[in-house]
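# Commentary on secondary and tertiary structure
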Amino acid sequence: MKLTEEMLIAVLMGGPGAEREVSIASGRSVLKALEAKGYRVEAVDVVDTEPKLPGGTDLAFNVIHGTFGEDGKLQSYLEALGIRYTGAGVKSSEVAFDKNLSKKCFLDYEVPTPGSETVDCRNGAKLPEMAVPFVVKPPREGSSVGIRVVKEVSESMAAMKHAAKFSSDLLVEEFVEGRELTVGVLNGEVFPVVEIAPPEGEWYDMETKYPWLSGKEVGSQYTCPADLTPEETAIVQAAAKKAHDALGIEVYSRVDVLLNSFSNPYVLEANTIPGMTETSLLPMGAAEAGYSFGDLCVKIAEISLAARP
């Protein structure tokens with residue numbers, strides 16, 4: 001199916017998860033961009049798991065980050081209604097969103113990624129076998145929700161207990177010292193690399209990603225294209241593309257990669273519904289590749305419709 005200006009595009013934003021406010025910001029940006037391009041659009045503030053879409057909706061433009069929007073559940077709901085939607089499908093969304101499932105997939109397809117173990121905390125938080133330093137992650141949360149970096153043994157149990165508030169099957173990864181990078185992939189095209197620099201002495205968490213949410217004056221700084229050698233750029237882009245393909249992600253994603261001092265890449269995760277404000281990282285990489293924000297939104301819609309005729 002081809003995208004036309006007569007079609008009604010419902011922009012789904014908000015959601016019931018922890019990233020609701022970020023999603024609303026993304027949704028408003030997408031809505032404004034598509035309107036400026038001449039398309040019929042309507043905002044849908046999703047507050048539960050059975051959102052009501054406008055009658056005659058031809059395409060649901062999904063910008064719900066994290067829980068429900070990014071885990072395959074909204075995709076399954078829309079498919080049951082017979083409504084086409086943007087981005088990854090049910091299965092690829094589920095696998096990419098679950099850090100334990102995506103880790104297994106990375107290992108199966110030989111995607112470079114930090115060593116890890118899964119810790120069963122169903123009967124209470126417990127320590128991993130892995131020695132410090134490590135990173136503990138609830139497997140089904142986005143935007144670094146619940147994540148703790150543990151560098152001292154004395155910090156271990158508190159970090160596990162914190163993460164266990166969000167999930168009982170925690171992913172514990174080896175801590176990799178390296179440059180924080182992210183790479184957008186759109187329909188097979190790999191965008192220029194973006195480098196992320198959190199404020200000195202801090203790491204890339206919810207507060208440094210979105211300082212406006214917590215009232216902080218200074219957040220992370222971003223450079224695109226990242227100051228890498230051509231060889232390093234190619235290595236990071238190849239790792240991102242391999243991760244995207246290994247997970248079977250349709251349409252687009254943004255893949256987070258660490259690059260250590262030996263120029264070895266380590267894929268952390270792939271985001272199937274990345275931030276979509278004009279200053280977000282996927283649009284930043286897309287802009288460097290020659291796409292305006294409006295062009296990027298239209299391209300995502302076009303490719304999604306073509307993928308679901």
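Residues numbered from 1 in each chain as written. Predicted model: local features only at pLDDT ≥ 70, side-chain atom pairs only at ≥ 80, totals over all residues. Heavy atoms only, no water.

Relative to the 24 Å expected for 17 residues at 1.5 Å per residue, helix α1 (residues 20–36) spans 24 Å between its end C-alpha atoms, a close match to the ideal helical length. Residues Val22, Ser23, Ile24, Ser26, Gly27, Ser29, Val30, Leu31, Ala33 and Leu34 constitute the buried set of α1. A positive phi of about 95° marks Gly38, the residue just after α1. (Helix = DSSP H or I, 4+ residues; strand = E, 2+ residues; numbered from the N terminus. Expected span 1.5 Å × (residues − 1). Buried < 20%, exposed > 50% of the residue type's maximum accessible area, 1.4 Å probe, protein only.)

With antiparallel pairing, the 4 strands of this open sheet are ordered in space as β4-β7-β5-β6. Two strands close off the open sheet at either side, each with one partner strand: β4 (116–120) and β6 (148–150). Looking at each pair of strands side by side, their axes are set apart by 25° on average, direction ignored. Taken together, the 3 bridges between strand β5 (residues 134–137) and β6 define a ladder with antiparallel strand orientation. Bridge pairing links Val136 to Arg148 in β6. Strands β4, β5 and β7 (169–174) of the sheet are contacted by helix α4 (residues 99–108), whose axis makes an angle of about 45° with β7. (Pairing = 2+ DSSP bridges. Axes fitted to C-alpha atoms, helices over the stretch in contact; angles between N-to-C directions. Contact = heavy atoms within 4.5 Å.)

With that out of the way, let us pick up the pattern of salt bridges. As enumerated under the stated definition, the model contains 12 salt bridges in all. Glu173 is paired through a salt bridge with Lys137; the nearest N and O atoms lie 2.8 Å apart. Highlighted residues: Glu173 in strand β7 and Lys137 in strand β5, separated in sequence by 36 residues. Each member of the pair, Glu173 as well as Lys137, is classed as buried. A salt bridge links Arg140 to Asp169; its shortest N-O distance comes to 2.6 Å. One end of the pair, Arg140, is in the loop between β5 and β6; the other, Asp169, is in strand β7, with 29 residues separating them in the sequence. Overall, Asp169 belongs to the partly exposed group, its relative accessible area being 23%. (Salt bridge = Lys/Arg side-chain N within 4 Å of Asp/Glu carboxyl O.)

A separate point is the side chain of Glu232. Along the polypeptide, Glu232 turns up in helix α8 (residues 230–246). Arg179 provides the closest opposite charge to the buried, unpaired Glu232, separated from it by 4.5 Å. (Lys, Arg positive; Asp, Glu negative; His and termini not counted.)

Inspection of the entire model under this criterion finds 1 aromatic pair. Aromatic side chains Phe191 and Tyr291 sit 5.6 Å apart centroid to centroid with 55° between the ring planes, which places their arrangement in the tilted category. Highlighted residues: Phe191 in the loop between β9 (189–190) and β10 (194–197) and Tyr291 in the loop between α9 (281–288) and α10 (293–307), separated in sequence by 100 residues. Across the pair, exposure class does not vary: Phe191 and Tyr291 are buried alike. The cationic tip of Arg308 hangs over the ring face of Tyr85; the distance from NZ or CZ to the ring centre is 4.0 Å. (Phe/Tyr/Trp six-rings, centres within 6.5 Å; stacked < 30°, edge-to-face > 60°. Lys NZ or Arg CZ within 6 Å of the ring centre and 35° of its normal.)

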